[in-house]
Amino acid sequence: MTQSPIAAPTPDDIVVEDDTLTQRLDREADAILGSGESDSFAPTASVRQAVRDDAERVRQKVSDQIDDAREGIREEPMRTTLYALGLGVIIGLWLRR
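### A look at the overall build of the chain
A count of helical and extended segments in the chain gives 3 helices and 0 strands. Mapped in sequence order, the helices and strands of the chain form the string α-α-α. A total accessible area of about 9,400 Å² is found for the chain, and carbon and sulfur atoms account for 58% of it.

What follows is the structure in structure tokens.
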């Protein structure tokens, strides 16, 4: 009689009716870390190449966030201007103390 290997449950397999925000965040973090493992343990030619690859990923993420911010400013210029003005007033009041 052979036993089949038991697969570890994924975060989506664990459902609790009494789910708290902390438990949901823990499961989501586990899922994110699990999906990133394939990238983390991929074979690399050298440490230098691994650093270059990581730097390129960071550049791409920052570039995407900059593009999103620019698009948001173009779509709602008045809203972003008011946010910037409010933030400037709050920082000014904070520094004045």
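Read on for the rest.
### Comments concerning a nonpolar patch on the surface
Taken together, Met78, Leu82, Leu85, Val89 and Leu93 make up a surface patch of nonpolar side chains, about 530 Å² in accessible area. Locating Leu85 in the fold gives a position in helix H3 (residues 77–96).

### With respect to a negative patch on the surface
Taken together, the side chains of Asp64, Asp67, Asp68, Glu71 and Glu75 present a region of like negative charge at the surface. Turning to its location among the elements, Glu75 is positioned in helix H2 (residues 47–75).

### Focus: H3
Every α-helix carries 3.6 residues per turn, so stepping three or four residues along brings you back to the same face. Given a rise of 1.5 Å per residue, 20 residues ought to cover 28 Å, and the 28 Å separating the end C-alpha atoms of H3 matches this to within 8%. Counting buried positions along H3 yields 0 of 20 residues, so the element is predominantly exposed.

### A few points about the confidence of the model for the chain
Detail in the predicted coordinates should be disregarded across regions flagged by low pLDDT. Counting all residues, the mean pLDDT for the chain is 79, and 70% of those residues have values of 70 or more. Ranking the helices and strands of the chain by mean pLDDT puts H3 first, with 95, and helix H1 (residues 21–40) last, with 72.

### Some points on the pattern of salt bridges
The tally for this structure, following the rule as stated, stands at 3 salt bridges. A salt bridge links Arg57 to Asp54; its shortest N-O distance comes to 3.1 Å. With Arg57 and Asp54 both in helix H2 and 3 residues apart, this pair spans about one turn of that helix. Using a relative accessible area of 41% as the deciding quantity, one classes Arg57 as partly exposed. Of the residues examined, Asp54 reaches a relative accessible area of 40% and is grouped as partly exposed.

Rules behind the numbers
Residues numbered from 1 in each chain as written. Predicted model: local features only at pLDDT ≥ 70, side-chain atom pairs only at ≥ 80, totals over all residues. Heavy atoms only, no water. Helix = DSSP H or I, 4+ residues; strand = E, 2+ residues; numbered from the N terminus. Areas by Shrake-Rupley, 256 points an atom, 1.4 Å probe, with all protein chains shown as cover. Patch = residues over 30% accessible without salt bridge, like charges linked within 9 Å, V, L, I, M, F, W, Y side chains within 5 Å. Salt bridge = Lys/Arg side-chain N within 4 Å of Asp/Glu carboxyl O. Lys, Arg positive; Asp, Glu negative; His and termini not counted. Charge placed at Lys NZ, Arg CZ, Asp CG, Glu CD. Expected span 1.5 Å × (residues − 1). Buried < 20%, exposed > 50% of the residue type's maximum accessible area, 1.4 Å probe, protein only. pLDDT = per-residue confidence, 0-100.

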